[in-house]
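Chains, contacts and geometry: an overview
Each chain, written out:
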Amino acid sequence: MAPKVKYYAVRAGRQPGVYLSWEKCKEQVERFPGAEYKAFPSEQEARAYLSGRPPVGVKTAGTAATPSADGYDIYVDGTFRKEDNRYGWAFVVYRGGEIIFTDCGAGENDAAAVIHNVAGELSATMRAVKWAHDNGAKPLTIHHDYVGIAAWALGDWKANNKFTQAYAAYIRPYLPWVAFNKVPGHAGVAGNEMADKLAREALGKKTPQ
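Below you will find a few notes about this structure. (Residues numbered from 1 in each chain as written. Predicted model: local features only at pLDDT ≥ 70, side-chain atom pairs only at ≥ 80, totals over all residues. Heavy atoms only, no water.)

1. With respect to the overall build of the chain
Helices and strands together make up the secondary structure of the chain, namely six helices and eight strands. Helices and strands appear in the chain in the N-to-C order β-β-α-β-α-β-β-β-α-β-α-α-β-α. Within the chain, the fraction of its 209 residues that count as buried is 46%. Considering only contacts within the chain whose residues lie at least 6 apart along the sequence, 62% involve residues at least 24 apart. As displayed, the chain has an accessible area near 10800 Å², and 51% of this comes from carbon and sulfur atoms. (Helix = DSSP H or I, 4+ residues; strand = E, 2+ residues; numbered from the N terminus. Buried < 20%, exposed > 50% of the residue type's maximum accessible area, 1.4 Å probe, protein only. Contact = heavy atoms within 4.5 Å. Areas by Shrake-Rupley, 256 points an atom, 1.4 Å probe, with all protein chains shown as cover.)

2. Brief notes about the pairing of strand 6 (residues 98-106)
Taken together, the eight bridges between strand 5 (residues 86-95) and strand 6 define a ladder with antiparallel strand orientation. Directly across from Val93, in strand 6, lies its bridge partner Phe101. Hairpin connection, strand 5 to strand 6: the antiparallel pair is bridged by two residues, and Gly96 has positive phi, about 60 degrees. (Pairing = 2+ DSSP bridges.)

3. What to know about the packing of aromatic side chains
Applying the stated rule across the entire model yields 11 aromatic pairs. Ring centres 5.4 Å apart and planes at 80 degrees place the aromatic pair Trp152 and Trp157 in the edge-to-face group. Taking relative accessible area as the criterion, Trp152 reaches 11% and is therefore assigned buried. An aromatic cluster is built from Trp89, Phe91, Phe101 and Trp131, whose rings are joined through pairwise contacts. Above the face of the Tyr72 ring, Arg95 is positioned so that its terminal group lies 4.4 Å from the ring centre. (Phe/Tyr/Trp six-rings, centres within 6.5 Å; stacked < 30°, edge-to-face > 60°. Lys NZ or Arg CZ within 6 Å of the ring centre and 35° of its normal.)

4. What about the environment of His143?
The residue His143 is located in strand 7 (residues 140-144) in this model. Side-chain polar atoms of His143 contact the side chain of Asp73, separated by 2.7 Å. At 3.1 Å, the side chain of His143 and the side chain of Asn181 are in polar contact. (Polar contact = N/O pair within 3.5 Å; in protein donor to acceptor, adjacent residues only side chain to side chain.)

5. Things to note about the side chain of Thr125
As for its position among the elements, Thr125 is in helix 3 (residues 117-134). A polar contact is formed between the side chain of Thr125 and the backbone oxygen of Glu121, at a distance of 2.8 Å. With residues up to four places along the chain from it excluded, the contact list for Thr125 reads Val76, Ile142, Ile149, Tyr167 and Ile171.

6. Here's the deal with the sheet that holds strand 7
Pairing within the open sheet is mixed, and its five strands lie in the order 6-5-4-7-8. A single partner strand is all that each edge strand has here, and the edge strands are strand 6 and strand 8 (178-182). Neighbour to neighbour, the strand axes of the sheet diverge by 20 degrees on average, direction disregarded. (Axes fitted to C-alpha atoms, helices over the stretch in contact; angles between N-to-C directions.)

Rendered as structure tokens:
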């Protein structure tokens, strides 16, 4: 039986991060004043420890997600228009329960459109994280209605094509301060409904009544 992998999270050390061996972890913390580190059975738990927040992971919220008390909430969504093989993306930023920023657009990669609206939600998430990074919006919770948004980022799902692989690689450096929350789609969650509406408008699609 193959040995079980452990994830060593270094929160305070020469180079904070997640390591897959004690030897690498030890290099960062040995003789480092005030070192903080811990071993975990999953990368998700290790990343949560780095961020100083309880692991959020992949969970389902009710019809109204509770605003983060100490950070930002961003709702992401995507849509697809079969007629011209294009996808739309959008994200909505909340701070303390109030909308402070929105952005949306149409997909620019024809090849990515093969995964339909998922391409839009992946694009929205990457753009949202970049916006948060550029604007110091940390810590951050991404609220999404497609489970793969968190599963690919956290390594729970294997990224099997170049689009999901690119997404996972892009998100990975931001995981110390990004958490994920799964919300039901088209179920009255205000941020999710607005992101869906903006993504549709970016493609000139009508919002379902």
